[in-house]
Amino acid sequence: MGEDAAQESILQRQMGELLVDAFDEVVVAILSKLGEGIKPSRVRRYPTFSLRDNGMPSLGDGLWTGAGPLEYSSVLEPPYNDDEARQLGKFPPARFPAVARLVAFACEHPEIARMPAAGSDQENPLVKVTIDLLLSRAADMHLLRFGVMAGTAATRAAVLKPLLRGLFDARLKFVVLAPIAFVRFDFDRMRLGPSAFIMRMSPNLQRARWEMKAYGANGHDQVLAAATHAFVVTGWDVPNGNWIELSHTLSNFSSEMRERIDALFAALRLETGIETGYAQEIRLSRGWRHRHNNGLPDVYAVGARRYPEAFDDFGWNRADLPLVGRAQMRQVASLVEPLENSSDERLILATRRLNTAMTRSDLADAILDATIGLEVLLGDGDGQAISWKLRMRAAALAGIGRGQTGAKAMSDAIALVYATRSAIVHGVRRRRGATAAHAERELDAKDQALNALRDVLKILIHRPEFLDPRRIDSDLLMVPPGLASIS
């Protein structure tokens, strides 16, 4: 260990000891007030959680409902009519010398206390506020979890260990969650791969993510709430830093995290064909936290609008929400690892097109997205007779598992889809005007296009050798090399 590392270790140990002393001092002071008969107030804002008739959560801000947990540290608040006492705050130095020593240490060593620097010539006003909040929440957590009792070695460790790890661990671990909107599941948890699983979110996790909905939110609040389960991706960490920088980092969009989430939704859509999506990404701390929050998990959130627009039209009240069972989810799991590990650009691009198509509100856009996906997978780049080639190649792939009947059905579907696509891109649908018959035909074409793309993608995931269209020609259609571009 180098000299700097040794000195840092000494300072960390000193701060840990100061934190324990200050925590004990605050807990004893609260117990004394409670012994005098002073009643704690309840947390003024605590998210409400209930379930709708369709099983989807309903969340609310819970402001002034009186349903929040007891805020034991409120008994230390100075009287409202005592300006001098209020200026000294909840922990006046004369009565709380251990708290004062912790604040002084944090001001002297902001890098150890993970405080943002305020400059060498000025006192950091955030330090006292941050320390006061940390100690108040820690004492509240102790009394909520273990009852009205003094701290013991075991209870103290349970409350303070996550805070100490949040202060001193070089890297902080977390998992990424994406709540799955408007889908019911008949199980609580299932492993999907080495670093991914699906789980039912607890009421407290639901409350915690609702509290963070304002950060980057760009979807409807009730769509955000309407999810019982979430995809979870493990294995993430970030370098530790001051709490402001860290909060900013964990509340920012990450393309890598978004890609992992989208791969999971692609697997779900491929297997089930259901309409779903997500309105929020969550970063959930693992083993550390910066402060306790009334028993709720420590989460950070990023807003998203990755769901069908129709969901905003009171979709959270729908009674016909799809139900996914454990057996079907196992089939989803079989697609996850190949999707996450694939480096084939065709598969990656086509999967993106599927995700986009299945969240489109406009039928024409969905059809165009799906046909682009099919062309990415089955086209050969020469631009000749593309619809004919797609029909033949898609039919040949469908015939692998379903024989001539499956091949014929796929060929007919591609024919309908491309006839509709041609009408769209050449403006025929606008010249004819919108009729019920045309709308029904487009809806059918959309379903056929999405199903065709899903079927082709699933086959190619399990038979990646056919990601080269020439292999389809030579192995399945038995077209001699050089003739595949001739219609």
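If you're wondering where the values come from, they're calculated on a predicted model, not measured in any experiment.

S.K.: Summarise the overall build of the chain; cite the residues concerned and give the values.
M.R.: If you tally the helices and strands in the chain, you get 16 helices and twelve strands. What you see for the chain is a C-alpha radius of gyration of 29 Å, clearly larger than the 23 Å of a compact globule of 487 residues, by over 25%. Dimensions of the chain, computed from C-alpha atoms along their principal axes, come out at roughly 90 × 55 × 40 Å. Of the roughly 23000 Å² that the chain leaves accessible, carbon and sulfur atoms contribute 51%. Both charge centroids of the chain, one from 60 positive and one from 59 negative side chains, sit 5 Å from each other.

S.K.: I'd like to hear about the pairing of strand S11 (residues 299–306), residue by residue, with values.
M.R.: Of all eight residues in S11, six are buried, a share of seventy percent or more. As paired elements, strand S10 (residues 278–285) and S11 share six bridges and run antiparallel to each other. In the sheet register, Ile282 faces S11, and the bridge partner there is Ala301.

S.K.: Now, about the packing of aromatic side chains: what can you tell me, with residues and values included?
M.R.: The relation between two aromatic rings is expressed through the spacing of the ring centres and the mutual angle of the planes. Scanning the entire structure with this criterion turns up eight aromatic pairs. Between Phe231 and Phe265, the ring centres sit 5.1 Å apart and the planes meet at 85 degrees, which makes this aromatic pair edge-to-face. Of this pair, Phe231 sits in strand S9 (residues 229–239) while Phe265 sits in helix H9 (residues 255–272), and the two are 34 residues apart along the sequence. Accessibility expressed as a relative area gives 1% for Phe231, which makes it buried. Taken together, the ring pairs in this structure connect Phe182, Tyr307 and Phe311 into an aromatic cluster. Sitting over the face of the ring of Phe197, Arg189 holds its NZ or CZ atom 4.1 Å from the ring centroid. Taking the ring centre of Trp210 as reference, the NZ or CZ of Lys213 above it sits at 4.7 Å.

S.K.: Account for the packing of helix H1 (residues 3–35) against helix H5 (residues 153–168), naming residues and giving values.
M.R.: One can describe the packing of H1 onto H5 by two numbers: an axis separation of 11 Å at closest approach and a directional angle of 145 degrees. Read as a crossing pair, H1 and H5 show a hand that is right-handed. Listed contacts from H5 to Gln12, Met15, Gly16, Leu19, Val20, Phe23 and Asp24 of H1 are Arg156, Val159, Leu160, Leu164, Leu167 and Phe168. Residues that form the contact of H1 with H5 fall into these classes: nine nonpolar, two polar and two charged.

S.K.: Pulling in residues and values, what's your account of the packing of helix H3 (residues 97–108) against helix H4 (residues 125–146)?
M.R.: The packing of two helices is summarised by the inter-axis angle and the distance between the axes. Viewed as axis vectors pointing N to C, H3 and H4 meet at an angle of 135 degrees, and their least axial separation amounts to 10 Å. Put simply, H3 runs oblique to H4. Here H3 runs over H4; the crossing is right-handed. Counting all contacts with H3, which are made through Val99, Leu102, Val103, Ala106 and Cys107, the residues of H4 involved are Val127, Lys128, Ile131, Asp132 and Leu135. A breakdown of the residues in the contact of H3 with H4 according to their chemical character gives eight nonpolar, no polar and two charged.

S.K.: Break down the sheet that holds S9 for me, citing the residues and quoting the values.
M.R.: Adjacent strands of a sheet form backbone hydrogen bonds with each other and so pair up, either parallel or antiparallel. The sheet built from six strands is open, its strands ordered S7-S8-S9-S5-S10-S11 with antiparallel pairing. Taken across any chain shown, the strands that pair with only one partner, and hence form the sheet edges, are strand S7 (189–193) and S11. Neighbour-to-neighbour, the strand axes of this sheet turn through a mean angle of 30 degrees, independent of strand direction. By the bridge criterion, four bridges tie S7 to strand S8 (residues 196–200) in an arrangement that is antiparallel. Directly across from Arg191, in S8, lies its bridge partner Phe197. Along the sheet face, H9 touches strand S5 (171–179), S7, S8, S9, S10 and S11 and points at about 160 degrees away from the line of S9.

S.K.: Residues and numbers for the pattern of salt bridges, please.
M.R.: Within this structure, the stated rule accounts for 26 salt bridges. The partner of Arg45 in a salt bridge is Asp61, with the nearest N and O atoms 3.6 Å apart. Here Arg45, found in the loop between strand S1 (41–42) and strand S2 (48–51), pairs with Asp61, found in the loop between strand S3 (57–60) and strand S4 (70–71); they are 16 residues apart in sequence, far enough to count as distant. Salt-bridge contacts for Lys213 lead to Asp61; the nearest nitrogen and oxygen are separated by 3.9 Å. Here the residue Lys213 occupies a position in the loop between helix H6 (203–211) and helix H7 (221–225), and Asp61 occupies one in the loop between S3 and S4, the gap between them amounting to 152 residues. Residue Lys213 is classed as buried on the basis of its relative accessible area of 15%.

S.K.: Residues and numbers for the confidence of the model for the chain, please.
M.R.: Close inspection of predicted coordinates is inappropriate for parts of the model with low pLDDT. Per-residue pLDDT for the chain has a mean of 90; in total, 93% of the residues score no lower than 70. The low-confidence segment residues 480–487 (pLDDT under 50) makes ten contacts with residues lying over four places distant or belonging to another chain.

S.K.: I'd like a rundown of the environment of Arg52, residues and numbers included.
M.R.: Mapped onto the secondary structure, Arg52 falls in the loop between S2 and S3. When the C-alpha atoms of Arg52 and Met201 are compared, they prove to be 15 Å apart, with 149 residues separating the residues in sequence. Residues contacting Arg52, with those up to four places away along its chain left out, are Pro57, Ser58, Gln222, Trp316 and Asn317. A distance of 2.8 Å separates a polar atom in the side chain of Arg52 from a polar atom in the side chain of Gln222.

S.K.: Break down the nonpolar core for me, citing the residues and quoting the values.
M.R.: Core analysis: the largest hydrophobic core is formed by 73 residues, its most contacted members being Leu192, Ile198, Phe231, Met329, Leu377 and Val456. Examining the composition of this core, we find that eleven residues originate from one element, helix H13 (residues 386–425), more than from any other. Apart from the residues lying within four places of it in its own chain, the contact partners of Met329 are Phe185, Phe187, Met190, Leu192, Ile198, Phe231, Leu268 and Val324. Counting 37 residues, the second-largest nonpolar core is a separate cluster that includes Val26, Ala98, Val103 and Ala139.

S.K.: Give a description of the side chain of Asn54 that names residues and reports values.
M.R.: Relative to the helices and strands, Asn54 resides in the loop between S2 and S3. Among the polar contacts listed, one links the side chain of Asn54 to the backbone oxygen of Trp316, at a separation of 2.8 Å. Every residue in contact with Asn54, bar those within four places of it in the chain, is listed here: Arg184, Trp316, Asn317, Arg318, Ala319 and Leu321.

S.K.: Provide a residue-level description of H4, including the pertinent values.
M.R.: If you check H4, its first and last C-alpha atoms are 33 Å apart, about what 22 residues at 1.5 Å a residue would give, namely 32 Å. Gly147, located one to two residues past H4, shows a positive phi value of around 90 degrees.

S.K.: Can you break down the side chain of Arg283 residue by residue, with the values?
M.R.: Within the secondary structure, Arg283 is located in strand S10. Arg283 sits in the buried class, given a relative accessible area of 1%. Sequence-distant contacts of Arg283, that is, excluding residues within four places in its chain, are made with Phe174, Val175, Val176, Leu250, Asn252, Phe253, Ser254, Met257, Asp298, Val299, Tyr300 and Val302.

Reading the values: rules and limits
Residues numbered from 1 in each chain as written. Predicted model: local features only at pLDDT ≥ 70, side-chain atom pairs only at ≥ 80, totals over all residues. Heavy atoms only, no water. Helix = DSSP H or I, 4+ residues; strand = E, 2+ residues; numbered from the N terminus. Rg over C-alpha atoms; globule rule 2.2 N^0.38 Å. Areas by Shrake-Rupley, 256 points an atom, 1.4 Å probe, with all protein chains shown as cover. Lys, Arg positive; Asp, Glu negative; His and termini not counted. Charge placed at Lys NZ, Arg CZ, Asp CG, Glu CD. Buried < 20%, exposed > 50% of the residue type's maximum accessible area, 1.4 Å probe, protein only. Pairing = 2+ DSSP bridges. Phe/Tyr/Trp six-rings, centres within 6.5 Å; stacked < 30°, edge-to-face > 60°. Lys NZ or Arg CZ within 6 Å of the ring centre and 35° of its normal. Axes fitted to C-alpha atoms, helices over the stretch in contact; angles between N-to-C directions. Left-handed = near helix turned anticlockwise from the far one by under 90°. Contact = heavy atoms within 4.5 Å. Nonpolar A, V, L, I, M, F, W, Y, C, P; charged D, E, K, R; others polar. Parallel < 35°, antiparallel > 145°, perpendicular 65-115°, else oblique. Salt bridge = Lys/Arg side-chain N within 4 Å of Asp/Glu carboxyl O. pLDDT = per-residue confidence, 0-100. Polar contact = N/O pair within 3.5 Å; in protein donor to acceptor, adjacent residues only side chain to side chain. Core = buried A, V, L, I, M, F, W, Y, C linked by side-chain atoms within 4.5 Å. Expected span 1.5 Å × (residues − 1).

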